[in-house]
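# Structure at a glance
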Amino acid sequence: MARPVWAGTLSFGLVSLPVGLYTATDSHTIRFHQLERGTADRIRNRRVNERTGDEVQLDDIVKGYDAGGEYVLVEPEELDEIAPGRSRSLDISGFVDLDEVDPIFFDKTYYLGPRGAEYGKVYSLLEQALSEAGKAGIATFVMRQHEYLVALKAENGILTLHTLHWADEIRDPKTEIDKLPGRARASKKELKMAEQLIEALSMTWDPGDFHDTFQEKVAALIAAKQAGETVEKAEAPAKPTGVVDLMEALRASVERAGSPKTTGGKATASGRTTAAKKPTAKKRVRSAPTEDLSGLSKADLYKRAAAADVSGRSQMTRDDLVKALSSSRR
């Protein structure tokens with residue numbers, strides 16, 4: 001079992017609950033070592049005294065604040081002493097509706113667990129109450145000599161803790177982006193076509209349908225280089241759509257995506273839908289009968305369905321897509 005990255009007491013009102021904080025996410029980034037070019041020699045970072053050039057042990061390093069001309073030295077224990085108890089307490093200030101917290105404030109997610117079976121009832125009570133109310137508890141606490149603003153939520157039977165950015169950490173887009181278009185006027189026809197495209201590409205959110213294809217390509221690159229082979233380069237990015245080509249690009253996108261209606265029809269150039277024709281045998285893409293489609297992502301299944309001209313694919317569930325593609329191969 002994983003060890004908590006923080007342990008303390010969660011308090012709301014006069015109710016206290018000993019809890020542990022556990023990392024909720026993992027990164028599957030492929031990590032590289034730094035090597036000197038032309039050799040297999042590792043490059044390592046060392047803590048070196050800037051004046052003498054000697055390496056310094058971690059225990060001999062203190063924090064120093066540059067006060068202009070001199071440093072104010074601060075020991076790690078001094079940082080703990082200025083917040084007595086706060087590094088071991090998580091006090092909920094109040095509860096807010098989840099919709100009130102803008103997504104830009106969310107930073108990192110942790111799981112929260114009770115520190116002992118005897119606290120299970122209190123833990124479960126808070127989880128159920130938050131779930132029923134549809135609210136999040138807002139709190140601050142100190143971890144690793146940093147204070148965090150957090151939101152406590154109920155998700156799938158457990159409590160989760162989300163660190164939030166402070167209000168003054170959110171940058172103003174108007175000062176960060178120098179070429180914002182403002183409220184550029186779009187014609188009614190362009191707006192309607194764009195809405196049709198959004199509807200045609202609408203889907204049910206399933207995070208399992210998506211995976212890190214770049215990391216897969218990095219792994220394939222490493223395997224190819226080990227075998228002395230080369231890999232195919234990725235396609236160049238699409239060219240920007242000009243204002244003159246916007247309407248035509250929208251129209252072509254809607255036609256390619258399929259009908260936004262439940263009839264499974266195709267969109268015409270005017271934006272109206274017509275009944276889809278039943279795909280003929282000539283249009284079907286025949287695959288090997290032993291091919292297993294269950295391992296494909298939903299995005300890949302949609303590509304197969306588009307190639308096989310499976311009607312109504314924009315409205316199909318994953319199981320429907322597999323069934324339709326299996327039938328088209330027979």
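Residues numbered from 1 in each chain as written. Predicted model: local features only at pLDDT ≥ 70, side-chain atom pairs only at ≥ 80, totals over all residues. Heavy atoms only, no water.

## Some details on the overall build of the protein
Counting secondary structure elements, the protein contains 8 helices and 11 strands. Here the protein holds 330 residues, and 25% of them are scored as buried. Of the contacts made within the protein by residues no fewer than 6 positions apart, 58% connect residues no fewer than 24 positions apart. (Helix = DSSP H or I, 4+ residues; strand = E, 2+ residues; numbered from the N terminus. Buried < 20%, exposed > 50% of the residue type's maximum accessible area, 1.4 Å probe, protein only. Contact = heavy atoms within 4.5 Å.)

## Some words on the pairing of strand β7 (residues 135–143)
Of all 9 residues making up β7, 7 are buried, and the element is well covered by its neighbours. Where strand β5 (residues 89–97) and β7 come together, 6 bridges link them in antiparallel fashion. Considered in β7, the bridge of D91 is made with T140. Sheet topology places β7 next to strand β8 (residues 146–155); 7 bridges connect them, and they run antiparallel. Bridge assignment links V142 to a residue of β8, and that residue is E147. In this structure, the hairpin formed by β7 and β8 is closed by a connection of 2 residues, where R144 is found at a positive phi of approximately 55°. (Pairing = 2+ DSSP bridges.)

## Quick word on the packing of aromatic side chains
Inspection of every chain in the model, using the stated rule, returns 2 aromatic pairs. With a centroid separation of 4.9 Å and an interplanar angle of 75°, the aromatic rings of W6 and F141 are classed as edge-to-face. Of the two residues, W6 sits in strand β1 (residues 6–12) while F141 sits in strand β7, which places them 135 residues apart along the sequence. You can call W6 buried: its relative accessible area is 5%. Its relative accessible area of 1% is what places F141 among the buried residues. (Phe/Tyr/Trp six-rings, centres within 6.5 Å; stacked < 30°, edge-to-face > 60°.)

## Some remarks on the confidence of the model for the protein
Confidence in the prediction of the protein, expressed as mean pLDDT, is 79, and 77% of residues score 70 or more. Confidence, expressed as mean pLDDT per element, reaches its minimum in the protein at strand β10 (residues 266–267) with 39 and its maximum at strand β9 (residues 158–164) with 95. Note that residues 259–290 has pLDDT below 50 and, in this model, 57 contacts with residues that lie over four places away or in other chains. (pLDDT = per-residue confidence, 0-100.)

## What about the pattern of salt bridges?
Within the structure shown, the criterion is met by 4 salt bridges. Between D97 and K135 there is a salt bridge; the shortest N-O distance is 2.7 Å. Linking D97 in strand β5 with K135 in strand β7, this pair joins segments that are 38 residues apart in sequence. A salt bridge links E155 to K153; its shortest N-O distance comes to 3.8 Å. Residue E155 is classed as partly exposed on the basis of its relative accessible area, which comes to 26%. Judged by relative accessible area, K153 falls into the buried class, the value being 17%. (Salt bridge = Lys/Arg side-chain N within 4 Å of Asp/Glu carboxyl O.)

## Looking at helix α2 (residues 120–133)
Think of an α-helix as 3.6 residues a turn; residues three or four steps apart then line up on the same face. Taking 1.5 Å as the rise per residue, α2 with 14 residues should run 20 Å; its terminal C-alpha atoms sit 20 Å apart, in good agreement. Taken residue by residue, α2 has Y123, L126, E127 and L130 as its buried positions. The buried residues of α2 occupy an angular sector of 100° when projected down its axis, which confines them to one face. In α2, the exposed positions angled more than 90 degrees off the buried face are occupied by K121, L125 and E132. (Expected span 1.5 Å × (residues − 1). Arc of directions from axis to C-beta.)

## Description of the nonpolar core
One finds L10, L21, L90, L112, F141, L152 and L161 to be the most contacted residues of the largest nonpolar core, which totals 20 residues. Listing elements by their share of this core, those giving two or more residues are β1, β2 (15–23), β5, β6 (106–114), α2, β7, β8 and β9. If we ignore the near neighbours within four places in the chain, the residues touching L112 are L10, V19, G20, L21, L90, Y123, L152 and L159. Among the nonpolar cores identified, the runner-up in size contains 7 residues, and L197, M247, L250 and A257 belong to it. (Core = buried A, V, L, I, M, F, W, Y, C linked by side-chain atoms within 4.5 Å.)

## Thoughts on a nonpolar patch on the surface
A cluster of nonpolar side chains, namely V62, Y71 and L73, defines an oily patch on the protein surface of about 330 Å² accessible area. On the secondary structure map, L73 appears in strand β4 (residues 71–74). A residue is classified by how much of its surface remains accessible, and L73, at 59% relative accessible area, is exposed. (Patch = residues over 30% accessible without salt bridge, like charges linked within 9 Å, V, L, I, M, F, W, Y side chains within 5 Å. Areas by Shrake-Rupley, 256 points an atom, 1.4 Å probe, with all protein chains shown as cover.)

## Some points on the sheet that holds β9
With mixed pairing, 7 strands are arranged side by side around a closed barrel as β1-β2-β6-β9-β8-β7-β5. Across the sheet, the mean angle from the axis of one strand to that of its neighbour is 40°, orientation sign disregarded. For β2 and β6, the ladder comprises 5 bridges, and the chain directions are antiparallel. Counterpart to L21 in the pairing with β6 is L112. (Axes fitted to C-alpha atoms, helices over the stretch in contact; angles between N-to-C directions.)

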